[in-house]
Amino acid sequence: MTKKRVFSGIQPTGNTHLGNYLGAIRRWAAEQADKTNFFCVVDLHSLTVPQDPAQLRHETRSMAAMLLACGIDPQQSTVFVQSHVTAHAEGCWLLNCITPLGWLQRMTQFKDKSARQESVLTGLLDYPVLMAGDILFYDADEVPVGEDQKQHVELTRDIAQRFNALYDTEFFVIPQPVIAKVAARVMGLDDPTVKMSKSLADKRGHAVRLLDSPDEILYVFKRAVTDSGREIRFADEPEKAGVNNLLSIYQAVTGKEKDAVEADFATARGYGDLKVRVAEVVIEALRPIQARHAELMADTGELDQVLAEGAARAREISQPKVDEMKHIMGLVAASVHPTSESGMPLQDRL
Ligand code: ATP
Ligand code: LTN
């Protein structure tokens, strides 16, 4: 049986947090052996909001190192940087030309992010089309993401179906979003009604960042917003969202069933106890990841090699797909050499 193709991406915007790890990266690593995987550091997506160039360069490497430190194995998965493979930007233009504007204006993430900014860049609106290309140019069957990205994967399906219908073809594979059962949406520790997010993680107390020190992690958990009760149980009620979030984090990190998690806290002395014990399991889970990340960043030779090989493999898949797409859309294939037709240099022919 042929292996399923998996594609997922993560932005190198710094502040990589527990939600990114539990909702996405850790699962990519856990399931990589049974699939053909492409994991992409989506630096072009990061440019949709203003970035400091030196910092973006640093964070791109740091994110790639983080993927490897979290257990993604370059022998089993293709790890690469989006801008190293020009098919993504090229193919995005082609998809732009079949995607209705109204589809993009309806995206929840666009509405949220644009509301937070004074000046909204065109790229921010176009973000989901670039993402659709990421997925479609690799014929991905599955897209493992956190809950917040489900709408973008559904849009990707719509774009693929529209292309297939317009050109009467089955050219694009229709991908499925794959959402985690546990920790699909880790909430902010300072406000359990909003998702933990990189863009809010500069605010101390909001997120546990994967590179935070044990002291910082303990501090953030100790300050986590809960409620005025004492009951430590999973609950859907909005007022228990804080406790529910802490228990979900504990459950995801330990891999235990809900009953076993509640049993672990049956004798806990209030929320203070809960917070410290959740902090402890998180600190222990992150310790080896932080050590490996530091090693990879100390000498980036290994990392650069992985990214160069990854980009080469990614190009082999995506460029022919985009070339074929251009042909289907009626573009003329470029000749190998600008002098090709007449044998004369181009300027002599004009
Ligand atoms: P931003 O705040 O800039 O939108 P982000 O925190 O959402 O960033 P991304 O790089 O956009 O981070 O997301 C990487 C992956 O992590 C995606 O699969 C996304 O669904 C997942 N993810 C992000 N936040 C959470 C969260 N709070 N809980 C679970 N998964 C999450
Ligand atoms: N928008 C995604 C990142 C992303 C992605 C992708 C995820 C870009 N391209 C392709 C899955 C597949 C996010 O996590 N915010």
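Every value quoted in this text rests on a predicted model; they were computed, and no experiment measured them.

Draft legend 1. Highlighting the side chain of His-293. Note on placement: His-293 falls in helix α12 (residues 270-298). We classify His-293 as buried; its relative accessible area is 6%. The residues touching His-293, leaving out its near neighbours within four places in the chain, are Ser-62, Ala-65, Met-66, Ala-69 and Leu-211.

Draft legend 2. Region of interest: the site of ligand 1. Contacts to ligand 1 come from 21 residues, most closely from Asp-148, Lys-195, Ser-197, Lys-198 and Ser-199. Gln-11 places a main-chain nitrogen or oxygen 3.1 Å from an oxygen atom of ligand 1. A distance of 2.8 Å separates an oxygen atom of ligand 1 from a polar side-chain atom of His-17. Protein coverage of the free-state accessible area of ligand 1, which is 600 Å², stands at 96%. Of all the elements, helix α1 (residues 18-31) adds the most residues to the shell around ligand 1, at four residues. Of the residues in the shell around ligand 1, the class split is seven nonpolar, nine polar and five charged.

Draft legend 3. Main features of the environment of Val-182. Mapped onto the fold, Val-182 is located in the loop between β5 (176-179) and α9 (214-222). Given a relative accessible area of 31%, Val-182 falls into the partly exposed group. Apart from the residues within four sequence positions on either side, Val-182 is in contact with Ser-248, Gln-251 and Ala-252.

Draft legend 4. Structural context of the pattern of salt bridges. Tallied over the full model, the rule gives 15 salt bridges. Close ionic contact of Arg-61 with Asp-304 constitutes a salt bridge, the shortest N to O distance being 3.0 Å. Pair noted here: Arg-61 is in helix α3 (residues 53-69) and Asp-304 is in helix α13 (residues 301-328), with a separation of 243 residues, a long-range link. On the basis of relative accessibility, which here comes to 36%, the residue Arg-61 falls in the partly exposed class. The partner of Glu-216 in a salt bridge is Arg-204, and the shortest N-O contact between them spans 2.9 Å. In this pair, Glu-216 sits in helix α9 while Arg-204 sits in the loop between β5 and α9, placing the two residues 12 residues apart along the sequence.

Draft legend 5. Representation of the pairing of β5. Here strand β4 (residues 142-145) runs beside β5; their pairing, made up of four bridges, is parallel. Note that in β5 the partner of Pro-144 across the bridge is Val-178.

Draft legend 6. Structural view of the site of ligand 2. Around ligand 2 sit 13 residues in total, of which Gly-9, Tyr-127, Met-131, Asp-134 and Gln-149 are the nearest. Between a nitrogen atom of ligand 2 and a side-chain N or O atom of Tyr-127, the distance comes to 2.6 Å. Its free accessible area being 370 Å², ligand 2 has 91% of it covered by the protein chains. Elements represented by at least two residues in the shell around ligand 2 include exactly β1 (5-10), α7 (122-136) and β4. Here the shell around ligand 2 takes four residues from α7, the largest share from any one element. Of the residues that constitute the shell around ligand 2, the class distribution is seven nonpolar, five polar and one charged.

Draft legend 7. Looking closely at the packing of aromatic side chains. Taken as a whole, this structure holds 10 aromatic pairs when the rule is applied. On the basis of an interplanar angle of 40° and a centroid distance of 5.1 Å, the ring pair of Phe-7 and Tyr-138 is categorised as tilted. Here Tyr-138 lies in the loop between α7 and β4 and Phe-7 lies in strand β1, a separation of 131 residues in the sequence. Just as Phe-7 is buried, Tyr-138 falls in that class too. Ring centres 5.9 Å apart and planes at 40° place the aromatic pair Phe-80 and Tyr-138 in the tilted group. Within this pair, whereas Phe-80 is found in strand β3 (residues 77-81), its partner Tyr-138 is found in the loop between α7 and β4, the two being separated by 58 residues in sequence. Side by side, Phe-80 and Tyr-138 carry an identical accessibility label, which is buried. Ring pairing ties together the aromatic residues Phe-7, Phe-38, Phe-80 and Tyr-138, which thus form one cluster. Taking NZ or CZ as reference, Lys-258 lies 5.0 Å from the ring centre of Phe-234, over its face. Looking at Lys-321, its charged tip hangs above the ring of Phe-171, at a distance of 3.9 Å from the centre.

Draft legend 8. Structural context of unusual backbone geometry. In this structure, Asn-15 is a non-glycine residue whose phi angle is positive, near 55°. Take Asn-15: it is sitting in the loop between β1 and α1.

Draft legend 9. How the structure looks around the packing of α3 against α12. Between α3 and α12, the least distance of the axes is 9 Å, while the angle of their chain directions is 130°. What the angle tells us is that α3 and α12 run oblique. For the element pair α3 and α12, the recorded crossing hand is right-handed. Contact with α3, carried on its side by His-58, Arg-61, Ser-62, Ala-65, Met-66, Leu-68 and Ala-69, involves Ile-289, Arg-292, His-293, Leu-296 and Met-297 of α12 and no other residues of that element.

Draft legend 10. Quick peek at the nonpolar core. Counting 57 residues, the largest nonpolar core has Leu-67 and Phe-221 as the members making the most contacts within it. Membership of the second largest hydrophobic core comes to 41 residues, among which are Leu-94, Trp-103, Val-145 and Phe-172.

Analysis parameters
Residues numbered from 1 in each chain as written. Chains lettered and ligands numbered in written order. Predicted model: local features only at pLDDT ≥ 70, side-chain atom pairs only at ≥ 80, totals over all residues. Heavy atoms only, no water. Helix = DSSP H or I, 4+ residues; strand = E, 2+ residues; numbered from the N terminus. Buried < 20%, exposed > 50% of the residue type's maximum accessible area, 1.4 Å probe, protein only. Contact = heavy atoms within 4.5 Å. Near = heavy atom within 4 Å. Polar contact = N/O pair within 3.5 Å; in protein donor to acceptor, adjacent residues only side chain to side chain. Areas by Shrake-Rupley, 256 points an atom, 1.4 Å probe, with all protein chains shown as cover. Nonpolar A, V, L, I, M, F, W, Y, C, P; charged D, E, K, R; others polar. Salt bridge = Lys/Arg side-chain N within 4 Å of Asp/Glu carboxyl O. Pairing = 2+ DSSP bridges. Phe/Tyr/Trp six-rings, centres within 6.5 Å; stacked < 30°, edge-to-face > 60°. Lys NZ or Arg CZ within 6 Å of the ring centre and 35° of its normal. Axes fitted to C-alpha atoms, helices over the stretch in contact; angles between N-to-C directions. Parallel < 35°, antiparallel > 145°, perpendicular 65-115°, else oblique. Left-handed = near helix turned anticlockwise from the far one by under 90°. Core = buried A, V, L, I, M, F, W, Y, C linked by side-chain atoms within 4.5 Å.

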